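Geometric and topological summary
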Amino acid sequence: MKYIITKDNQSISRFSLGCMNLPLGNIKETNDILRLALEFGVNYFDTADLYQYGKNEATVGPLLHDYKKHFDIKIGTKVGNEFDSALREKIRWNPSGDYIKQAVIDSKLRLGNPFIDLYQLHGGTIEDNMDETIAAFEELKRKKLIKSYGISSIRKNVIDYYKSNSNIATLMTDMSILKTQGEEFLDDEIVTLARGGLMQGLLTKNHEEVLVKKFKKGTNGYTYDKLKQMLMMLTDYNHSLEAIAFRYLDYMNVVTLNGVSSAKQLEQNIMHYLDSASISDDEIKEIRSNIKTLYYEEHRV
Ligand SMILES: NC(=O)c1ccc[n+]([C@@H]2O[C@H](COP(=O)([O-])OP(=O)(O)OC[C@H]3O[C@@H](n4cnc5c(N)ncnc54)[C@H](OP(=O)(O)O)[C@@H]3O)[C@@H](O)[C@H]2O)c1
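Residues numbered from 1 in each chain as written. Predicted model: local features only at pLDDT ≥ 70, side-chain atom pairs only at ≥ 80, totals over all residues. Heavy atoms only, no water.

In the nomenclature of an unreviewed UniProt entry, the protein is known as General stress protein 69 of Phocicoccus pinnipedialis.

Quick look at the sheet that holds strand S12 (residues 255-259)
Threshold: The pairing criterion for strands is at least two bridges between them, as found by DSSP. Strands here mean DSSP runs of E at least two residues long; helices mean DSSP runs of H or I at least four residues long; both are numbered from the N terminus. Angular values range over 0 to 180 degrees, each being the angle between N-to-C directions of two axes fitted as lines to C-alpha atoms, with helices fitted over their stretch in contact. Contacts between residues were defined by any pair of non-hydrogen atoms, one from each residue, lying within 4.5 Å.
The eight strands are arranged S3-S4-S5-S8-S9-S10-S11-S12 in a closed barrel whose pairing can be described as parallel. The average undirected angle you get between the axes of adjacent strands in this sheet is 30°. In terms of strand pairing, strand S3 (residues 15-18) meets strand S4 (residues 44-46) through two bridges, oriented parallel. Directly across from glycine 18, in S4, lies its bridge partner aspartate 46. Sheet strands in contact with helix H4 (residues 130-142) are strand S5 (74-79), strand S8 (116-121) and strand S9 (146-152), and its direction is about 155° off that of S9. Its contacts with the sheet put helix H9 (residues 263-275) on S3 and S12, and the angle it makes with S3 is roughly 160°.

Looking at the nonpolar core
To keep things clear, this is the line we draw: Residues belong to a common nonpolar core when they are buried Ala, Val, Leu, Ile, Met, Phe, Trp, Tyr or Cys residues joined through side-chain atoms within 4.5 Å. Categorising residues by exposure relies on relative accessible area from a 1.4 Å probe, with only protein chains included: less than 20% of the type maximum marks a residue as buried, more than 50% marks it as exposed, and the intermediate range marks it as partly exposed.
Counting 80 residues, the largest nonpolar core has Leu17, Phe45, Tyr119, Ile177, Leu178, Leu203 and Leu234 as its most contacted members. Considering each element in turn, this core owes the most residues, seven residues, to helix H8 (residues 241-251). What phenylalanine 45 contacts, discounting residues up to four positions off in sequence, is Leu17, Cys19, Leu34, Ala37, Leu38, Leu64, Ile73, Lys74, Ile75 and Gly76. Ranked by size, the runner-up nonpolar core spans nine residues in total, among them Ile4, Tyr44, Val191 and Leu257.

Comments concerning helix H10 (residues 281-289)
Inclusion rule: Along the arc lie the directions from the helix axis toward the C-beta atoms.
Listed as buried for H10 are Ile284, Ile287 and Arg288. Looking down the long axis of H10, one finds its buried residues gathered within 100° of arc, a one-sided arrangement. Opposite the packed face of H10, turned more than 90 degrees from it, sit the exposed residues Asp282 and Ser289. Those residues of H10 that are buried lie in contact with helix H7 (224-235) and H8.

What follows is the structure, given as structure tokens:
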């Protein structure tokens, strides 16, 4: 496994696990996924307070705790969506300093950790009081309640503000060989955590089924027909779609945040990730050159 070091000196595995779609109702399967990831060398696990209204943190944290004796483990979580865990509903977007300082206590309790390795703002708009949010993250860092902070965003104006006015160590953004919008945000000082690298299963051997099931209306920048055409182009190469998808992210020097809903998916993805090393720089550059560079049109200024 390769690792990448953040500006505040945390190492993150280049292949990491996104926990949002874990099968939490099946603890054995969830545990199998976490163990498999750890055995492969994954040391970073991404969750959020909002996922299953606290249940994701409360499941993943204690399960991972049992492995801490033997493995280096970092958990990242997110804040900013105020929610009611009893009613299981989101109340509002709330990036205020007071809310963040309260929410970190709740997340720590659910995760069962004395501090949070990476605390990320779960979105954000240019209208937010971003200086107040940044001051809250800095205070939590000074008090050693968090080790690093970052944001999760696809909004250029918000990302630019945080890049220039804060010490974010990471940027989580949607990025895959077909969703190239994230390339615009790459930065030498900030580690990019790429989510959606397999596009919800579209860039897997199940692409025909996933295209019909999940992408009938297309997706940002692509109609259904255009997606179909792009998939045909990619499947003409002598590599699996998964290997191409992973190699692209590796070539971009980002962390692949792989989301799975079963241990079988993770097993397959690990195999394809290993295979992806056989694709040369020249070949992935050639594949990438057949794909348009896309930009988000909104939230730029
Ligand atoms: N705004 C944010 O901050 C934000 C938003 C989204 C995600 N995230 C984070 O990023 C992580 C990854 O995002 P994502 O889950 O959207 O990524 P993704 O890779 O686009 O989608 C993951 C889904 O792809 C399918 N999949 C994965 N491997 C497969 C395989 N081998 N064969 C067939 N299908 C496969 C599964 O779908 P099925 O569930 O249908 O089986 C899985 O749940 C999340 O877990 C979460 O931690 C953050």
